[in-house]
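Geometric and topological summary
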There are 2 protein chains.
Amino acid sequence: MLTEERQKFILDTLNKKGIVKVNELVKTTDASESTIRRDLTHLEDLNKLKRVHGGATLLEGRYNEASFKDKLIHKQEEKVAIAKHAASLIEDGDSIYLDAGTTIYEMTQFINQKDIFVVTNGIDNVEPLLEKGINVYILGGKIKSKTKAVTGVDAITNLSKFRFDKAFLGMNAIHLEYDLTTPDTEEAKMKEKAIDLSGESFVLVDDSKFNKVSFVKVADLDRVTVITNKENRHYEEYLQKTDIEVGTE
Amino acid sequence: MLTEERQKFILDTLNKKGIVKVNELVKTTDASESTIRRDLTHLEDLNKLKRVHGGATLLEGRYNEASFKDKLIHKQEEKVAIAKHAASLIEDGDSIYLDAGTTIYEMTQFINQKDIFVVTNGIDNVEPLLEKGINVYILGGKIKSKTKAVTGVDAITNLSKFRFDKAFLGMNAIHLEYDLTTPDTEEAKMKEKAIDLSGESFVLVDDSKFNKVSFVKVADLDRVTVITNKENRHYEEYLQKTDIEVGTE
DNA sequence: TATATTATGATTGGTTGTGACTGATAATAA
DNA sequence: TTATTATCAGTCACAACCAATCATAATATA
C-alpha cells in the first residue's frame, strides 16, 4: 500500500467510524506500527484529525462546515506550518489581536494557552477560540462579506482603546521596497492600527506573497516580525530589513 | 475501547438519560470500576458533568442554559414556523436588530429582502445574512461562550447609537404577571436596550416558554409583540396584555 | 551508474492508562 | 443510635502506548 493511499484510507475509515485505533490500522493496512503512527502524526499536522492515546478522532466543529473547505486548500500545508509557529509564540497572560483571514484562522487551532485575552475582527476566529475556553472580544462594525472581516470607522474606534502584547496579521503582499501592502483600504487601516497598538506585531505570509505588491500600504517592514514557511530567494535581503521566523512543522 | 471513545460514550449516555451510574458504565463499556471513576472525575474537571454518589448527572440548573447545539434541535419545527412568520414582517428599507439565539438564527434563512440593514449581537447570524448579500453590522464586545452572544458595556454603548424599525428578540420565559424574563443579566440589558431603540419589537417564543419565569426581567409584555407557534391555554389572558401573532407554517 | 532523498520496520526507554486492592466515607437498614 | 452495605479516593504493579533513533529498502535525482 502506498503512503498516500494508506493515509487516504485512514481518513476514510475515520470519517466512517469517527475514531480509528493504531492496532486496527496495523492489521487492516498491513503496515507497521511505526508507519501508522507516523501517518497519524502527519495527518494531525495537516489538521485532518486529532490524535488521541491509542489512535485518532475526527476534529470537532470543523469537518461539518463545508463552505470553509474550499478556501483552506490553497497552500494549506504552508499555512499550517506558519500558523503553528505563530501560535507557539503566545504566552499565558498575553493580550492578543487576531486579524481576519484564513492563515490567522488556522492559528486558532493551535493556541493552547487558556489564560489569554483575544480581540479579533474576524468572525470566523470566534467559534474555535470559544470552544477552547478563551476569552474573545469581537470588534464592532460593518462586516465585509468577502473576507468576513469587521472594518470601518467604528471598528477602528473600538480597536483604539486596547493595548496588545502581540498582534498577528495576515497580509497580501510583502516587498523589499514597497513593504507591506493589501488590496483593501479599510482593512489596511485596521492592520496599521493594530500594529500601532501592539508591543510586537507578527505578519503571517506564505512564500507566494514575497516580492509582490498590492494596493494599499499597511506599514514598513521593520515594524513587524515576518513569519513564513521557507527561506525564499531574497531571504538575506529581507533579513536586513526585518525579522523573519520560519515555521517548519 | 479507547479512553476518548469511552469518555465520549459516557457523555452521550448522560445526555440521553440525564444520569449515569458507575455500575452500569462498568458493564456497558467493559472497563473496570477504577477506570470509569477516573473518567468521571476527569470529565467533572472539564465541567462536562457533575459527580454524584454512585455516578454522575448533567449540570443543568436554573441558571444553566443548555448549549447552543442542543437548543437547535429542541422544538425545531415550532421554531421554524415562528421564524418564518417573523421574517415575513421585514420590509424593504427596514433597519433591523436581530438578537442572538437559535430561534432568531432560524429567521436568517427566511429573510428575502436585500435592501435592509441588520445589526446583531449574535455571531452565528452573520454568515447566513452575508451569504444573502445583506448588510450586516456586528456589535463589538465580549462574547458569551455558551450563547455566542455579544454582551457587556461596550455592546450596549455600541448598540445605543442605532435606531431600528424592528427588533426581533429571543426570550427564555414569558409570564402574565412576571412579564419577559431571561437567565442572564447582561443579555437582559441588551434585549431591553434593543426594545428601547426600536419602533416595533417582536419576541419570538415557542409555546413551551409560556407561563414560565426566569431570572432577570427584560421588559413589560405590553412593550412588544409576541410571535409564537400556537394558541396556548392562557391565550385570551395574554391577548389582553400584549399583541400575539401565531406563525403556522 | 552513483548519490541523495524518502519511506519503512525494528528497537529502545520513557510515559500514560489500567485493573486490583486498600482503608476511608457515605448511604441505608435494623 | 449502630450495623451493614455500597461507593469512594488513593496507591501499586503491570500492560499498552508513545516518541526517538537507527539501519535498511525503495525511490528519485544527478
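Predicted model only: the values in this text are computed from it and were never measured.

Once that is clear, we can look at the sheet that holds strand β11 (residues 179-182) of chain A. Residues and elements named next belong to chain A. Pairing within the open sheet is antiparallel, and its three strands lie in the order β10-β11-β13. The sheet is open, and its two borders are formed by β10 (173-175) and β13 (216-219), each paired with just one other strand. Taken pair by pair, the neighbouring strands of this sheet meet at an average axis angle of 35 degrees, ignoring direction. For β11 and β13, the ladder comprises three bridges, and the chain directions are antiparallel. Across the sheet, the residue bridging to T181 is K217, located in β13. The strands that helix α9 (residues 185-197) touches are β11 and β13; relative to β13, the one it contacts most, it runs at about 10 degrees.

Per the counting criterion, the structure on display carries 14 aromatic pairs over all chains. Of the aromatic side chains, those joined through ring pairs into one cluster are Y97, F117, Y137, F162 and F164 of chain A.

The next point concerns the interface of chain A and chain B. Opposite the 31 residues of chain A that make contact, chain B presents 26 residues. Taking both partners together, chain A and chain B bury about 2,300 Å²; carbon and sulfur atoms supply 62% of that area. Counting across the interface, chain A meets chain B through six salt bridges. Between K21 of chain A and E5 of chain B there is a salt bridge, and its shortest N-O distance comes to 3.2 Å.

Turning our eyes to something else, we now look at the pairing of strand β12 (residues 198-204) of chain A. All names here are of chain A. Within β12, five of the seven residues are buried, which leaves it mostly tucked inside the rest of the structure. For strand β9 (residues 164-170) and β12, the ladder comprises six bridges, and the chain directions are parallel. Bridge assignment links L169 to a residue of β12, and that residue is V203. In the sheet, β12 pairs with strand β14 (residues 225-228) via three bridges, with the strands oriented parallel. Within β14, the position partnered with F202 by the bridge is T225.

The rules behind the values
Residues numbered from 1 in each chain as written. Chains lettered and ligands numbered in written order. Predicted model: local features only at pLDDT ≥ 70, side-chain atom pairs only at ≥ 80, totals over all residues. Heavy atoms only, no water. Pairing = 2+ DSSP bridges. Helix = DSSP H or I, 4+ residues; strand = E, 2+ residues; numbered from the N terminus. Axes fitted to C-alpha atoms, helices over the stretch in contact; angles between N-to-C directions. Contact = heavy atoms within 4.5 Å. Phe/Tyr/Trp six-rings, centres within 6.5 Å; stacked < 30°, edge-to-face > 60°. Buried area = accessible area lost by both parts, 1.4 Å probe. Salt bridge = Lys/Arg side-chain N within 4 Å of Asp/Glu carboxyl O. Buried < 20%, exposed > 50% of the residue type's maximum accessible area, 1.4 Å probe, protein only.

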